[in-house]
Amino acid sequence: MKNYWKILYNGIIPGNPVFVLLLGMCATLGTTSTAYNGLMMGIATGVVLVCSNVVISLLKNLVPDKVRIPAYIVVIATFVTVLQLAVNAWLPSLNSSLGIFIPLIVVNCILLGRAEAFAGKNGLLPSLLDGIGTGIGFSIALVLLGGVREILGTGAIFGFHIFPEDYGMLLFILAPGAFIALGYLIAIVNKIRKTC
């Protein structure tokens, strides 16, 4: 049981895909202009990650090594397609705000990396926990980055105003602000990891 907690915990802090492994930068930088967009992208990626990890762990003995990677991509693409159709049908405003980044989940290296490094070598429960942990870690990173950018750029977070928008810095809503905020957050996380 202790080993299962370690698998779950690994994706959240020690092996965080954004702050530690520096994976998934396209989605991280492109969708985090607000904390809400970061949260929704994190949840979407987490759902696909959990589902694909489970299916890949179940199919690992049936897929020949020669077609392992293409098979993993087909599994991931299937779940991304279902997710995009569901978001388009039930949350059209979210679909328009995240735009092309939902279909790009297919090529997010976090998913293929976890499929190859973990789900393709482990059983159902560990793969499920790995997907949940990595999805939570990715979501936390996106919400933190989106929250910092939104507060500094507009003075608000999740619709709650902290200071007047006139005092916000437009730079943090734009692409260069994503790089600056991410750099500082990575430095803070590294400092915390070294002291713990």
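Everything here concerns the structure above.
Residues numbered from 1 in each chain as written. Predicted model: local features only at pLDDT ≥ 70, side-chain atom pairs only at ≥ 80, totals over all residues. Heavy atoms only, no water.

### Examining the overall build of the protein chain
Point 1. Per the secondary structure count, the protein chain includes eight helices and two strands.
Point 2. Listed N to C, the secondary structure of the protein chain is α-α-α-α-α-α-α-β-β-α in terms of helices and strands.
Point 3. Compactness check: the protein chain gives a C-alpha radius of gyration of 17 Å against a globular reference of 16 Å for 196 residues, within 12% of the reference.
Point 4. Dimensions of the protein chain, computed from C-alpha atoms along their principal axes, come out at roughly 60 × 45 × 25 Å.
Point 5. Here the protein chain, with 196 residues, has 41% of them falling under the buried criterion.
Point 6. A separation threshold of at least 6 residues defines the contact pool for the protein chain, and within that pool the share at least 24 residues apart is 72%.
Point 7. Roughly 10300 Å² of accessible area belongs to the protein chain as shown, and the carbon and sulfur atoms make up 73% of that amount.
Point 8. Positive and negative side-chain charges of the protein chain, numbering 11 and 6 respectively, have mean locations separated by a distance of 17 Å. (Helix = DSSP H or I, 4+ residues; strand = E, 2+ residues; numbered from the N terminus. Rg over C-alpha atoms; globule rule 2.2 N^0.38 Å. Buried < 20%, exposed > 50% of the residue type's maximum accessible area, 1.4 Å probe, protein only. Contact = heavy atoms within 4.5 Å. Areas by Shrake-Rupley, 256 points an atom, 1.4 Å probe, with all protein chains shown as cover. Lys, Arg positive; Asp, Glu negative; His and termini not counted. Charge placed at Lys NZ, Arg CZ, Asp CG, Glu CD.)

### A few points about the nonpolar core
Point 1. One finds Phe 19, Met 41, Val 48, Leu 83, Ile 105 and Leu 182 to be the most contacted residues of the largest nonpolar core, which totals 31 residues.
Point 2. Those elements giving two or more residues to this core turn out to be helix H2 (25-30), helix H3 (35-59), helix H4 (68-90), helix H5 (92-98), helix H6 (109-119), helix H7 (124-154) and helix H8 (175-195).
Point 3. Setting aside anything within four residues of it in sequence, one finds Leu 83 in contact with Ala 44, Val 48, Ile 102 and Ile 105.
Point 4. Grouped together as the second largest cluster of nonpolar side chains are five residues, Ile 56, Tyr 72, Val 75 and Ala 119 included. (Core = buried A, V, L, I, M, F, W, Y, C linked by side-chain atoms within 4.5 Å.)

### A word on unusual backbone geometry
Point 1. Non-glycine residue Leu 22 carries a positive phi angle of around 55 degrees.
Point 2. Among the secondary structure elements, Leu 22 is positioned in the loop between helix H1 (2-10) and H2.

### Details of the pattern of salt bridges
Point 1. Under the definition given, this model contains three salt bridges.
Point 2. Note that Asp 65 and Arg 68 form a salt bridge whose closest N and O atoms lie 3.6 Å from each other.
Point 3. Here Arg 68 falls in the partly exposed class, since its relative accessible area comes to 25%.
Point 4. Asp 130 is paired through a salt bridge with Arg 114; the nearest N and O atoms lie 2.7 Å apart. Linking Asp 130 in helix H7 with Arg 114 in helix H6, this pair joins segments that are 16 residues apart in sequence.
Point 5. Classification of Asp 130 as buried rests on a relative accessible area of 2%.
Point 6. Using a relative accessible area of 19% as the deciding quantity, one classes Arg 114 as buried. (Salt bridge = Lys/Arg side-chain N within 4 Å of Asp/Glu carboxyl O.)

### Section: the state of the cysteines
Each disulfide consists of one covalent bond between the sulfur atoms belonging to two cysteines.
Point 1. Taken as a whole and assessed by the stated rule, the structure comprises zero disulfides.
Point 2. No disulfide involves Cys 26; its nearest neighbouring cysteine sulfur is the one of Cys 109, lying 9.6 Å away.
Point 3. You can call Cys 26 partly exposed: its relative accessible area is 48%.
Point 4. Note on Cys 51: no disulfide assigned, nearest cysteine sulfur contributed by Cys 109 at a separation of 19 Å.
Point 5. The exposure class of Cys 51 is partly exposed, given its relative accessible area of 29%. (Disulfide = S-S within 2.5 Å.)

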